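# What the coordinates show
Chain residues, written in single-letter form:
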Amino acid sequence: MNKIKVGVLGAFRGMSYARNTEAVGMELVALCDRHEEKLRTADVGEGVARYVDYDEFLAHDMDAVILANYFHEHAPFAVKALRAGKHVLSETVCNFTIAEGIELCETVESTGLIYMLAENYPFTKFNQELRRLYQSGELGKATYAEGEYNHPMSAEDWAFYTPSPDHWRAWLPRGYYCTHALAPLMYITDLMPKSVVAFSVDATDGGFAALCQMEEGAVFRLIGGGMPGHSNFYRIHGTRGAAEITRGPGYFGPEQIRVWHDPWDVPTNIPIERVYVPSFPSHTTEAERAGHGGGDFWVDYHFAQAIRAGKQPFLDVYRGVAMSSVGIVMYRSMQSGGMPQEVPDFRDKTARERFRNDTARLGPPARDC
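Presented here is a report on the structure given in the accompanying data block. (Residues numbered from 1 in each chain as written. Predicted model: local features only at pLDDT ≥ 70, side-chain atom pairs only at ≥ 80, totals over all residues. Heavy atoms only, no water.)

## Overview of the overall build of the chain
Assigned secondary structure in the chain consists of 13 helices and 15 strands. Taking 369 residues into account, the globule formula puts the C-alpha radius of gyration at 21 Å, and the chain, at 20 Å, falls close to it. C-alpha extents for the chain along the principal axes are approximately 65 × 50 × 45 Å. The buried share of the chain, taken over its 369 residues, is 54%. Partitioning the contacts of the chain with sequence separation of at least 6, the portion at a separation of at least 24 is 66%. (Helix = DSSP H or I, 4+ residues; strand = E, 2+ residues; numbered from the N terminus. Rg over C-alpha atoms; globule rule 2.2 N^0.38 Å. Buried < 20%, exposed > 50% of the residue type's maximum accessible area, 1.4 Å probe, protein only. Contact = heavy atoms within 4.5 Å.)

Quick look at the structure:
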């Protein structure tokens, strides 16, 4: 099978995705970064073209691009890449305004190209196992779920990842980076968000707590930010049982899956409670070498598979823009004292019209791409 020729924007975070390209049948052919020193020193081999200019990068002979640029600048770069005929894998969030989300959806529709949000937390072995359990029907339909991604940093780590006062981590509004908390729950249940109620956790580094009303009446509780006490945890309550990741310190550490049922409603040949360590469904060696609990490998894998099949991946533009927009409206709910805020249904072309001019943007504007 011919390799998919891919270019990466971002010579820092993008290197994690670049390292997995060969394992999934992609060939790294180009790298782009505004920082010439990062670009020059990136360990990608002599045969990879290096560009400072994004337009010149997009003119390179390649099939797809991976965007690992700044948090608040993904949509303009993605739209430009799609219009240049490239499939797009975009990290962190899809859009920084509601209007950007609508433009991105419509660009994917008009070009017919593959677009995927590079959200890696759904693809840890634990969340893949929770999805398998839920999709098997053992837990029934989701009624309530919890998603936590709380990531405090030491002063040294903060200085490394936030090298200047204008870096996005230094000013990002509370709740905007909620995808690590929400995406696994959406992946497990295949439910879309409808509205959000949220509150800031005062005297912490960007802490937030939110309730997200989903389709079919389910409620998801989300927490995150930089509150003391690292937390990476997911739990599902269904109409016939519940399951969760047992808490532990790392992606590959002693975490387990716990599944339990009420004694009066136990499925046939299933114990009331069981606890076990799950495995990856396949590609264990490749996944365990990759970052973020194997998620970085699986993101590349599903992107490549979608391109080959000509079919949009699970984390397509509609799901990606929806979960990204939850962060936007979450902040609005905090500012209004916890008033509910609607999440647009980006799949509905008529519903988009009510939000088309929602260009409200916090922080600096995106740089010209």
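## As for helix H12 (residues 317–335)
In this model H12 runs 27 Å from its N-terminal to its C-terminal C-alpha over 19 residues, within 8% of the 27 Å that 1.5 Å per residue would give. A large share of H12 lies buried, amounting to 15 of its 19 residues. Phi turns positive one or two residues past the end of H12, at Gly337, with a value near 75 degrees. (Expected span 1.5 Å × (residues − 1).)

## What about the sheet that holds strand E15 (residues 341–342)?
Neighbouring strands of a sheet are bound in pairs by backbone hydrogen bonds; such pairs are parallel or else antiparallel. The strand order across the open sheet formed by nine strands is E14-E13-E12-E11-E7-E10-E9-E8-E15, and the pairing between neighbours is mixed. On the outer flanks of this sheet lie strand E14 (273–276) and E15, each paired with one strand and no other. Where strand E9 (residues 208–214) and strand E10 (residues 219–225) come together, six bridges link them in antiparallel fashion. Following the sheet pairing, Ala210 is matched in E10 by Leu222. On top of the sheet, helix H6 (residues 125–135) reaches strand E7 (142–150), strand E11 (231–238), strand E12 (242–245), strand E13 (257–260) and E14; it is set at about 170 degrees to E12, its chief contact. Most of the contacts of H12 go to strand E8 (residues 193–200), to which it runs at about 45 degrees, and overall it touches E8, E9, E10 and E15. (Pairing = 2+ DSSP bridges. Axes fitted to C-alpha atoms, helices over the stretch in contact; angles between N-to-C directions.)

## Some thoughts on unusual backbone geometry
One non-glycine residue with positive phi stands out, namely Glu216, at about 65 degrees. With respect to the helices and strands, the residue Glu216 is situated in the loop between E9 and E10. Despite not being glycine, His292 has its phi angle at roughly 55 degrees, a positive value. Among the structural elements, His292 can be located in the loop between helix H10 (284–289) and helix H11 (295–309).

## Points about the layout of surface pockets
The calculated volume of the second largest pocket comes to roughly 190 Å³. Surrounding the second largest pocket, 16 residues form its lining, Phe123, Tyr187, His302, Pro313 and Phe314 being those nearest its centre. Contributing elements (two or more residues each) for the lining of the second largest pocket: H6 and H11. Looking at the lining of the second largest pocket, the element that brings in the most residues is H11, giving five residues. In the lining of the second largest pocket, the residues fall into ten nonpolar, four polar and two charged. (1 Å grid on protein atoms, 1.4 Å probe; cavity = no way out; pocket = protein on both sides within 12 Å on 5 of 7 lines; lining within 4 Å. Points joined across faces, edges and corners; volume = space filled by probe spheres on them. Nonpolar A, V, L, I, M, F, W, Y, C, P; charged D, E, K, R; others polar.)

## Notes on the pairing of strand E2 (residues 26–32)
Summarising burial for E2: six of the seven residues are buried, a large majority. With six bridges joining them, strand E1 (residues 4–9) and E2 adopt parallel strand pairing. In the sheet register, Val6 faces E2, and the bridge partner there is Leu28. Pairing analysis gives three bridges linking E2 to strand E3 (residues 49–51), with the strands arranged parallel. By the bridge assignment, Leu31 is partnered in E3 with Arg50. Crossover E2 to E3 through helix H2 (residues 36–41) is right-handed. (Right-handed = clockwise from strand over helix to strand, strands pointing away.)

## Some remarks on the environment of Ile4
Structurally, Ile4 can be placed in strand E1. Taking the C-alpha atoms as reference, Ile4 lies 38 Å from Pro165; in sequence the two are 161 residues apart. When residues no more than four places from it in sequence are discounted, the contact partners of Ile4 are Gly25, Met26, Glu27, Asp63, Ala304, Ile307 and Arg308.

## Points about the sheet that holds strand E6 (residues 115–118)
Pairing in this open sheet of six strands is parallel, and the strands run E3-E2-E1-E4-E5-E6 from one edge to the other. The open sheet terminates on both sides in strands that have one partner only, identified here as E3 and E6. Here the average twist between neighbouring strands, direction ignored, is 25 degrees. Where H11 meets the sheet, it contacts E1, E2, strand E4 (64–67), strand E5 (87–91) and E6, and its direction lies at approximately 160 degrees from that of E5.

## Some remarks on the nonpolar core
One broad trend across soluble globular proteins is that nonpolar side chains are buried collectively. In this structure, Phe220 and Met330 are the most contacted members of the largest nonpolar core, which totals 114 residues. The element contributing the most residues to this core is H12, with nine residues. Discounting residues that sit within four places of it in the chain, Met330 has contacts with Gly175, Cys178, Val196, Ala198, Phe208, Ala210 and Leu222. (Core = buried A, V, L, I, M, F, W, Y, C linked by side-chain atoms within 4.5 Å.)

## Quick word on the pattern of salt bridges
Evaluation of the coordinates by the stated rule reveals 26 salt bridges. Put simply, Arg347 and Glu215 hold a salt bridge, and the shortest N to O gap is 2.9 Å. With Arg347 in the loop between E15 and helix H13 (349–352) and Glu215 in the loop between E9 and E10, this pair connects stretches of sequence that are 132 residues apart. A salt bridge links Glu342 to Arg354; its shortest N-O distance comes to 2.8 Å. Of this pair, Glu342 sits in strand E15 while Arg354 sits in the segment after H13, and the two are twelve residues apart along the sequence. Glu342 gets classed as partly exposed once you look at its relative accessible area, which sits at 39%. In this structure, a network of salt bridges that share partners links the residues Glu106, Glu109, Arg352, Glu353 and Arg356. (Salt bridge = Lys/Arg side-chain N within 4 Å of Asp/Glu carboxyl O.)

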